[in-house]
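One letter stands for each residue in the lines below.
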Amino acid sequence: QVNLVESGGGSVPAGGSLRLSCTTSGQSFLVNSVAWFRQAPEKEREGVACLTTAPHGLAYYVNPGRWTISRDNSNGKVYLEVDNLKPEDTATYYCAATNEYCVHTDYRGRGRDFKYWGQGTQVAVAS
(Lines give C-alpha, C1' and ligand atoms only; values in the text may rest on other atoms or scores of the structure.)
Protein backbone atom coordinates (compact mmCIF):
# COMPACT_ATOMS: atom_id res chain seq x y z
CA GLN A 1 0.00 0.00 0.00
CA VAL A 2 1.19 3.50 -0.86
CA ASN A 3 -0.13 6.54 0.93
CA LEU A 4 -0.14 10.00 -0.61
CA VAL A 5 -0.89 13.29 1.11
CA GLU A 6 -1.11 16.59 -0.74
CA SER A 7 -0.55 20.00 0.80
CA GLY A 8 0.13 23.56 -0.23
CA GLY A 9 -3.20 24.58 -1.70
CA GLY A 10 -5.02 27.77 -0.88
CA SER A 11 -6.32 31.02 -2.28
CA VAL A 12 -3.97 32.85 -4.60
CA PRO A 13 -4.43 36.00 -6.70
CA ALA A 14 -4.20 35.69 -10.43
CA GLY A 15 -0.63 35.99 -11.61
CA GLY A 16 0.73 34.47 -8.43
CA SER A 17 2.71 31.29 -7.87
CA LEU A 18 2.14 28.19 -5.82
CA ARG A 19 3.98 25.05 -4.83
CA LEU A 20 2.02 21.93 -4.02
CA SER A 21 3.60 19.03 -2.17
CA CYS A 22 2.88 15.33 -2.32
CA THR A 23 4.24 13.26 0.55
CA THR A 24 4.53 9.55 -0.09
CA SER A 25 4.72 6.84 2.52
CA GLY A 26 4.21 3.14 2.82
CA GLN A 27 5.52 0.79 0.16
CA SER A 28 7.14 3.52 -1.91
CA PHE A 29 9.32 0.94 -3.67
CA LEU A 30 6.19 0.07 -5.63
CA VAL A 31 6.16 3.54 -7.19
CA ASN A 32 7.89 4.34 -10.45
CA SER A 33 5.86 7.41 -11.37
CA VAL A 34 4.00 10.17 -9.58
CA ALA A 35 1.62 12.50 -11.37
CA TRP A 36 -0.50 15.50 -10.60
CA PHE A 37 -4.09 15.77 -11.73
CA ARG A 38 -6.73 18.37 -11.16
CA GLN A 39 -10.47 18.54 -11.21
CA ALA A 40 -12.37 21.78 -11.49
CA PRO A 41 -16.00 22.05 -10.36
CA GLU A 42 -18.32 20.30 -12.79
CA LYS A 43 -15.43 19.23 -15.00
CA GLU A 44 -13.66 15.96 -15.56
CA ARG A 45 -10.36 15.21 -13.93
CA GLU A 46 -7.38 16.00 -16.13
CA GLY A 47 -3.67 15.45 -15.98
CA VAL A 48 -1.17 18.20 -15.36
CA ALA A 49 2.25 16.57 -15.13
CA CYS A 50 3.97 13.26 -14.48
CA LEU A 51 7.37 12.37 -13.11
CA THR A 52 8.97 9.01 -13.61
CA THR A 53 11.00 8.75 -10.44
CA ALA A 54 13.06 5.74 -11.47
CA PRO A 55 15.55 5.45 -12.89
CA HIS A 56 16.10 8.82 -14.58
CA GLY A 57 13.59 11.24 -13.11
CA LEU A 58 11.94 12.24 -16.38
CA ALA A 59 9.20 14.86 -16.30
CA TYR A 60 6.26 15.11 -18.66
CA TYR A 61 3.79 17.96 -18.99
CA VAL A 62 0.35 18.08 -20.50
CA ASN A 63 0.68 21.80 -21.20
CA PRO A 64 4.32 22.81 -20.78
CA GLY A 65 5.23 26.30 -19.78
CA ARG A 66 3.94 27.29 -16.35
CA TRP A 67 4.37 24.00 -14.49
CA THR A 68 7.33 22.28 -12.90
CA ILE A 69 7.17 18.84 -11.36
CA SER A 70 10.10 17.71 -9.27
CA ARG A 71 11.15 15.38 -6.51
CA ASP A 72 13.25 15.90 -3.41
CA ASN A 73 15.07 12.62 -2.92
CA SER A 74 15.97 13.54 0.65
CA ASN A 75 12.36 13.45 1.80
CA GLY A 76 10.57 11.66 -1.00
CA LYS A 77 8.22 14.55 -1.68
CA VAL A 78 7.04 15.34 -5.18
CA TYR A 79 6.30 18.99 -5.89
CA LEU A 80 4.19 20.77 -8.45
CA GLU A 81 5.07 24.41 -8.93
CA VAL A 82 3.02 26.74 -11.07
CA ASP A 83 3.65 30.31 -12.12
CA ASN A 84 1.31 32.96 -13.43
CA LEU A 85 -1.80 31.36 -11.97
CA LYS A 86 -5.06 31.96 -13.80
CA PRO A 87 -8.65 31.73 -12.57
CA GLU A 88 -9.11 28.64 -14.76
CA ASP A 89 -6.45 26.89 -12.64
CA THR A 90 -8.98 26.80 -9.80
CA ALA A 91 -9.45 23.13 -8.97
CA THR A 92 -8.73 20.37 -6.52
CA TYR A 93 -5.26 19.04 -7.21
CA TYR A 94 -4.44 15.39 -6.64
CA CYS A 95 -1.22 13.48 -6.71
CA ALA A 96 -1.29 9.88 -7.82
CA ALA A 97 1.23 7.08 -8.08
CA THR A 98 1.74 3.98 -10.14
CA ASN A 99 4.33 1.29 -10.72
CA GLU A 100 4.26 2.11 -14.44
CA TYR A 101 6.42 4.64 -16.24
CA CYS A 102 4.66 7.85 -17.23
CA VAL A 103 4.88 7.12 -20.94
CA HIS A 104 2.85 3.96 -20.39
CA THR A 105 0.06 5.69 -18.47
CA ASP A 106 -2.84 8.00 -19.20
CA TYR A 107 -1.28 10.86 -17.24
CA ARG A 108 -2.72 13.21 -19.85
CA GLY A 109 -6.21 11.97 -19.13
CA ARG A 110 -8.13 10.93 -16.06
CA GLY A 111 -5.40 8.83 -14.50
CA ARG A 112 -7.07 5.44 -14.63
CA ASP A 113 -3.64 3.79 -14.72
CA PHE A 114 -2.78 5.26 -11.33
CA LYS A 115 -3.58 2.96 -8.44
CA TYR A 116 -2.75 5.21 -5.51
CA TRP A 117 -4.32 8.62 -4.88
CA GLY A 118 -4.16 11.35 -2.31
CA GLN A 119 -7.16 13.16 -0.92
CA GLY A 120 -6.51 16.35 -2.86
CA THR A 121 -5.71 19.94 -2.03
CA GLN A 122 -7.82 22.85 -3.21
CA VAL A 123 -6.47 25.78 -5.16
CA ALA A 124 -8.58 28.88 -5.72
CA VAL A 125 -7.29 31.61 -8.00
CA ALA A 126 -9.00 34.97 -7.65
CA SER A 127 -9.21 37.22 -10.66
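Our subject is the structure that appears above.
Keep in mind it's a predicted model, so treat the numbers as computed, not measured.

The rules we used
- Residues numbered from 1 in each chain as written.
- Predicted model: local features only at pLDDT ≥ 70, side-chain atom pairs only at ≥ 80, totals over all residues.
- Heavy atoms only, no water.
- Helix = DSSP H or I, 4+ residues; strand = E, 2+ residues; numbered from the N terminus.
- Polar contact = N/O pair within 3.5 Å; in protein donor to acceptor, adjacent residues only side chain to side chain.
- Contact = heavy atoms within 4.5 Å.
- Buried < 20%, exposed > 50% of the residue type's maximum accessible area, 1.4 Å probe, protein only.
- Lys, Arg positive; Asp, Glu negative; His and termini not counted.
- Salt bridge = Lys/Arg side-chain N within 4 Å of Asp/Glu carboxyl O.
- Phe/Tyr/Trp six-rings, centres within 6.5 Å; stacked < 30°, edge-to-face > 60°.
- Lys NZ or Arg CZ within 6 Å of the ring centre and 35° of its normal.

A. Focus on the side chain of T105. With respect to the helices and strands, T105 occurs in the loop between β9 (91–98) and β10 (116–117). Within the structure, the side chain of T105 is placed 2.8 Å from the backbone oxygen of C102, a separation counted as a polar contact. For T105, the side chain forms a polar contact with the main-chain nitrogen of Y107, separated by 3.3 Å. Every residue in contact with T105, bar those within four places of it in the chain, is listed here: T98, E100, D113 and F114.

B. Representation of the side chain of E6. Counting through the fold element by element, E6 comes out in strand β1 (residues 2–7). Of the side chains with opposite charge, R45 lies nearest to the buried E6, which makes no salt bridge, at 9.3 Å. From its side chain, E6 meets the backbone nitrogen of G120 in a polar contact 2.8 Å long. Ignoring any residue separated from it by four or fewer positions in sequence, one finds E6 in contact with S21, C22, W36, Y93, Y94, C95, G118, Q119, G120 and T121.

C. How the structure looks around the packing of aromatic side chains. The tally for this structure, following the rule as stated, stands at 5 aromatic pairs. Ring centres of F37 and W117 lie 5.0 Å apart, and the angle between their planes is 45 degrees; this geometry places the pair in the tilted category. Within this pair, whereas F37 is found in strand β4 (residues 33–39), its partner W117 is found in strand β10, the two being separated by 80 residues in sequence. For the ring pair W67 and Y93, a centre distance of 6.3 Å and an interplane angle of 35 degrees mean the geometry is tilted. With a gap of 26 residues between them, W67 in strand β7 (residues 67–72) and Y93 in strand β9 connect regions that are remote in the sequence. Each of the two residues, W67 as well as Y93, counts as buried. Feature note: the residues F37, Y94, F114 and W117 constitute an aromatic cluster, connected by ring pairs. Over the ring of Y79 we find R19, and its NZ or CZ is 4.1 Å from the ring centre.

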